[in-house]
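Listed below, chain by chain, are the residues.
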Amino acid sequence: MNLNSIPAFQDNYIWVLNDETGRCLIVDPGEAAPVLKAIADNRWQPEAILLTHHHNDHVGGVADLCEQFPNLVVYGPEETINKGATKIVADGDKIHILGQEFYVFATPGHTLGHICFYSAPYLFCGDTLFSGGCGRLFEGTAGQMYSSLQRINTLPEETLICCAHEYTLSNMKFALSVLPHDLFINEYYREVKELRAKKQITLPTTLKNERRINLFLRTDDIDLINEIEKETKMLQSEQRFAWLRSKKDNF
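Summarised in this report is the structure supplied together with it. Source: prediction; values computed, not measured. (Residues numbered from 1 in each chain as written. Predicted model: local features only at pLDDT ≥ 70, side-chain atom pairs only at ≥ 80, totals over all residues. Heavy atoms only, no water.)

1. Structural notes on the packing of aromatic side chains
- Taken as a whole and assessed by the stated rule, the structure comprises eight aromatic pairs.
- Considering the side-chain rings of Y146 and F241, the 6.1 Å spacing of their centres and the 55° angle between planes classify their relative orientation as tilted. Residue Y146 is found in helix α4 (residues 142-152), and its partner F241 is found in helix α9 (residues 237-249); the two are separated by 95 residues along the sequence. The burial state of Y146 is the same as that of F241; both residues are buried. (Phe/Tyr/Trp six-rings, centres within 6.5 Å; stacked < 30°, edge-to-face > 60°. Helix = DSSP H or I, 4+ residues; strand = E, 2+ residues; numbered from the N terminus. Buried < 20%, exposed > 50% of the residue type's maximum accessible area, 1.4 Å probe, protein only.)

If you want it as structure tokens, here you go:
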């Protein structure tokens with residue numbers, strides 16, 4: 001399988017997975033034009049669309065793509081039923097596309113019905129986990145997002161985190177503001193800064209890398225706990241996560 005990223009809007013990525021014959025699936029097409037161009041350029045034959053949640057920058061291109069390719073099956077959570085989804089999937093479902101089995105699991109937080117699609121090594125996680133960060137809590141609670149990230153964190157370390165936005169540099173600036181002397185964070189910040197200066201993509205990242213540099217996955221890390229305790233004492237990981245998310249919202 002070949003993984004491709006298509007830039008969209010200001011900082012979105014639309015992911016396309018294709019096999020050796022050119023059959024492909026499309027993840028979270030917020031707009032159709034760049035996808036249609038890539039399909040034509042690569043002579044892909046689209047078979048399915050995967051939707052992680054209902055926000056327009058993830059579903060806006062569905063109608064135009066389905067108009068061009070009427071046989072497309074559009075998989076998505078119940079919240080996308082009015083956004084073009086033709087096959088509603090939920091936590092625990094398994095779907096078969098391009099000879100691959102994709103496992104669906106619920107990751108509420110960013111939206112209440114947000115889902116992820118996992119087929120090793122690929123995790124299409126929408127706006128749940130970003131490199132160095134996590135999604136804003138537009139509909140869900142900090143507790144829900146914390147649980148969703150913990151669920152993702154049970155996957156193998158070689159999992160490729162195919163998230164939907166190029167937020168890595170700003171996320172690493174935030175991480176440095178919290179733990180300015182962390183060696184992993186400093187090293188990754190320099191790497192990301194260099195990539196972005198060359199206008200290169202920082203994704204996908206690996207779960208192994210995120211466990212080192214993503215504060216939202218490090219809520220039990222002693223250095224982070226010590227830093228938080230300079231301001232307030234929090235005994236539970238979920239509370240520390242909520243503290244971090246609030247800090248990031250105002251960063």
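2. Focus: the nonpolar core
- Core analysis: the largest hydrophobic core is formed by 57 residues, its most contacted members being L25, L50, I97, F102, F117, L123 and F124.
- Among all residues touching F102, those that are not within four sequence positions of it are L17, L25, L50, D93, K94, I95, I97, F117, Y118, S119 and F124.
- Ranked by size, the runner-up nonpolar core spans 19 residues in total, among them I6, V35, I39 and L72. (Core = buried A, V, L, I, M, F, W, Y, C linked by side-chain atoms within 4.5 Å. Contact = heavy atoms within 4.5 Å.)

3. Regarding the state of the cysteines
- Taken as a whole and assessed by the stated rule, the structure comprises zero disulfides.
- Looking at C24, it has no disulfide partner, and the nearest cysteine sulfur is the one in C66, 13 Å off.
- C163 supplies the cysteine sulfur nearest to C125, a cysteine that is in no disulfide, at a spacing of 5.2 Å. (Disulfide = S-S within 2.5 Å.)

4. Focus on the sheet that holds strand β2 (residues 12-18)
- Strand order in the open sheet formed by six strands is β1-β2-β3-β4-β5-β6, with mixed pairing between adjacent strands. Looking at which strands have only one partner, the edges of the open sheet turn out to be β1 (2-8) and β6 (87-88).
- Pairing of strand β4 (residues 45-50) with strand β5 (residues 73-76) involves three bridges; the strand directions are parallel. Bridging from a neighbouring strand, I49 pairs with V74 of β5.
- This element, helix α1 (residues 33-42), spans β1, β2, β3 (23-27) and β4 of the sheet and lies at about 140° to β1. (Pairing = 2+ DSSP bridges. Axes fitted to C-alpha atoms, helices over the stretch in contact; angles between N-to-C directions.)

5. Here's the deal with the pattern of salt bridges
- What the rule picks out here adds up to 14 salt bridges.
- Its salt-bridge partner being K233, residue E229 comes within 3.2 Å of it at the nearest N-O pair.
- Of the residues examined, E229 reaches a relative accessible area of 35% and is grouped as partly exposed.
- One salt bridge connects D249 with R245, and the closest N-O pair in it is separated by 2.8 Å. Placement of both D249 and R245 in helix α9 is noted, with a separation of four residues, approximately one turn of the helix.
- Assessed through its relative accessible area of 4%, R245 is described here as buried.
- One continuous salt-bridge network, built from bridges that share partners, spans D19, R23 and E47. (Salt bridge = Lys/Arg side-chain N within 4 Å of Asp/Glu carboxyl O.)

This is a description of form; function is not addressed.
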